[in-house]
Every structure is written in structure tokens, then in C-alpha cells.
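Listed below are the residues making up each chain.
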Amino acid sequence: MADMGTFRNAVTEWAAAGIPRVPAQDLVDREHVHSAVLLEGPSDAAAVDAMAARHGRDLAAEGICVLPMGGAMSVGRFAALLGPSGLDLRLIGLCDEREQDFYVRALRRADAAPHDLFVCAADLEDELIRALGVPVVTQLVEAEGESRQLQTFLQQPAQQGRLAQQQLRRFLGTKSGRKIHYGRVLVDALAPHHVPAPLEGLFAAF
């Protein structure tokens with residue numbers, strides 16, 4: 001199995017400090033890495049990994065690195081390091097609509113193809129909630145043992161007047177690790193014909 005974790009760590013260290021302890025180019029050659037999926041954070045990576053499992057795919061073995069960047073503002077650094085001007089990998093991105101222009105500029109500066117960018121309206125969690133529907137997502141939250149926590153959250157004054165979809169999206173972000181957990185849970189619950197367009201497009205790209 002490809003040691004994609006070592007490559008991911010080397011690239012992240014390179015982006016942060018300028019010099020990785022393990023040379024990233026050596027890992028590209030050794031692990032036959034040819035593409036990088038640039039994601040904002042670990043919850044997006046969890047959803048992509050869950051989607052790959054649904055398709056019976058081992059992205060690391062295929063030479064595809066799923067790379068959470070630690071925030072959308074890091075895309076410029078990662079695109080420069082990984083794209084044609086750096087390690088010469090194909091760059092594929094998933095981002096929120098409000099960050100689309102920023103991603104496109106970063107990809108163009110790195111001489112990468114901006115058409116390999118797939119855009120969520122608000123974020124990936126919002127796309128998944130809309131695809132599944134509020135009743136199904138509520139049932140999933142309850143099945144995960146968080147019915148009481150959800151009801152307490154919904155009673156907060158700040159949630160009054162919000163759409164149910166907005167409330168659920170906010171709930172997923174109120175506890176550390178919850179978005180990562182539900183990234184997998186929501187993807188696993190999708191019917192094949194209800195996969196959100198950005199996620200479906202992402203997988204069609206590779």
C-alpha cells in the first residue's frame with residue numbers, strides 16, 4: 001500500500017516551514033503520486049475518503065493524495081508546491097462558493113487547470129444535508145446518540161428563525177471532531193443517485 005500519509009506530512013511540513021524532513025520529490029517518485037486533491041480541512045477529507053470506500057477505491061494506491069490544507073487560505077502555497085511549477089502533480093480542488101475566486105487565482109498562478117475545481121454552494125456539509133434531506137439527517141444524528149444534544153442546540157435563541165437545514169449545518173460545527181465524524185456518516189447514507197454534484201464531479205475527475 002502506498003505510504004501516502006508520509007507524503008502528505010512532508011508536503012504539509014514543506015508548506016509550513018519551507019523544507020520537509022523527508023524530501024517530497026523522493027516520495028512522489030517512490031509512491032507514484034500523480035494527483036493531489038486540495039481540500040480545506042479534515043471533514044472534507046473524511047467525506048472524500050468515505051466516498052472512495054463506497055466506490056471500492058484505494059486512492060493512495062492509485063497515486064492520488066487527498067490533502068486537507070488546514071484552511072482555504074493555504075491553497076496558494078500548496079498549489080505552488082504541488083502544481084506544474086513544483087512537483088508537477090495534477091491538482092483537483094473542492095471548495096466553498098465564497099472561496100471559488102481565490103482558488104481559481106491560486107490554480108492559475110500555479111499554471112494548473114481551474115476546470116478541475118468543484119464548488120459547493122455553502123460547504124460540503126450543506127451539500128450533503130440538502131442531498132439527504134432534513135428528516136434523514138435528523139434521524140442519523142439521533143442514531144449516533146446525539147438526539148439530546150441536537151434538541152438542546154435547537155432551543156438556543158440564536159437558532160430561532162433559522163431554516164432547519166441551516167440549524168443542522170451549524171450543529172455539525174459546534175463540537176470538535178463532529179464535522180469529521182458526520183462527513184463519513186452522511187456520505188455513507190447517500191443513495192447512489194443523490195450524491196451532491198460537486199462530490200460526484202470530483203470523483204469523475206479521477
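My aim in this report is to walk through the structure given alongside it, one point at a time. (Residues numbered from 1 in each chain as written. Predicted model: local features only at pLDDT ≥ 70, side-chain atom pairs only at ≥ 80, totals over all residues. Heavy atoms only, no water.)

What follows is about the sheet that holds strand 4 (residues 117-120). With respect to topology, four strands assemble into an open sheet ordered 2-1-3-4, the strand pairing being parallel. Unpaired on one side and paired on the other, strand 2 (64-68) and strand 4 mark the two borders of the sheet. In this sheet, neighbouring strand axes are inclined to one another by 15° on average, regardless of whether the strands run parallel or antiparallel. The pairing of strand 1 (residues 35-39) with strand 2 spans five bridges and is classified as parallel. Across the sheet, Ala36 pairs through a bridge with Cys65, a residue of strand 2. Its contacts with the sheet put helix 11 (residues 197-204) on strand 1, strand 3 (90-96) and strand 4, and the angle it makes with strand 4 is roughly 165°. (Pairing = 2+ DSSP bridges. Helix = DSSP H or I, 4+ residues; strand = E, 2+ residues; numbered from the N terminus. Axes fitted to C-alpha atoms, helices over the stretch in contact; angles between N-to-C directions. Contact = heavy atoms within 4.5 Å.)

Here we come to the environment of Phe206. As for its placement among the helices and strands, Phe206 is situated in the segment after helix 11. Residue Phe206 is classed as buried on the basis of its relative accessible area of 18%. Note: C-alpha distance between Phe206 and Ala131 (75 residues apart in sequence) is 22 Å. Not counting chain neighbours up to four residues away, the residues in contact with Phe206 comprise Val37, Arg57, Leu59, Glu62, Ile64, Arg90 and Ile92. (Buried < 20%, exposed > 50% of the residue type's maximum accessible area, 1.4 Å probe, protein only.)

We now examine the nonpolar core. Judged by nonpolar contacts, the single largest core of 38 residues is most densely connected at Val48, Leu186, Leu199, Leu202, Phe203 and Phe206. With six residues, helix 3 (residues 42-54) is the largest single contributor of residues to this core. Setting aside residues up to four positions removed in sequence, Phe203 forms contacts with Val48, Met51, Ala52, His55 and Arg57. Membership of the second largest hydrophobic core comes to 32 residues, among which are Ala15, Ala36, Leu89 and Tyr103. (Core = buried A, V, L, I, M, F, W, Y, C linked by side-chain atoms within 4.5 Å.)

Turning our attention to the layout of surface pockets. There is about 270 Å³ of room inside the largest pocket. If you trace the largest pocket, you find 15 residues lining it, with Glu40, Ser43, Asp123, Glu125 and Lys179 closest to the centre. Contributions of two or more residues to the lining of the largest pocket are made by helix 3, helix 9 (164-172) and helix 10 (178-189). Split by residue class, the lining of the largest pocket holds three nonpolar, three polar and nine charged. (1 Å grid on protein atoms, 1.4 Å probe; cavity = no way out; pocket = protein on both sides within 12 Å on 5 of 7 lines; lining within 4 Å. Points joined across faces, edges and corners; volume = space filled by probe spheres on them. Nonpolar A, V, L, I, M, F, W, Y, C, P; charged D, E, K, R; others polar.)

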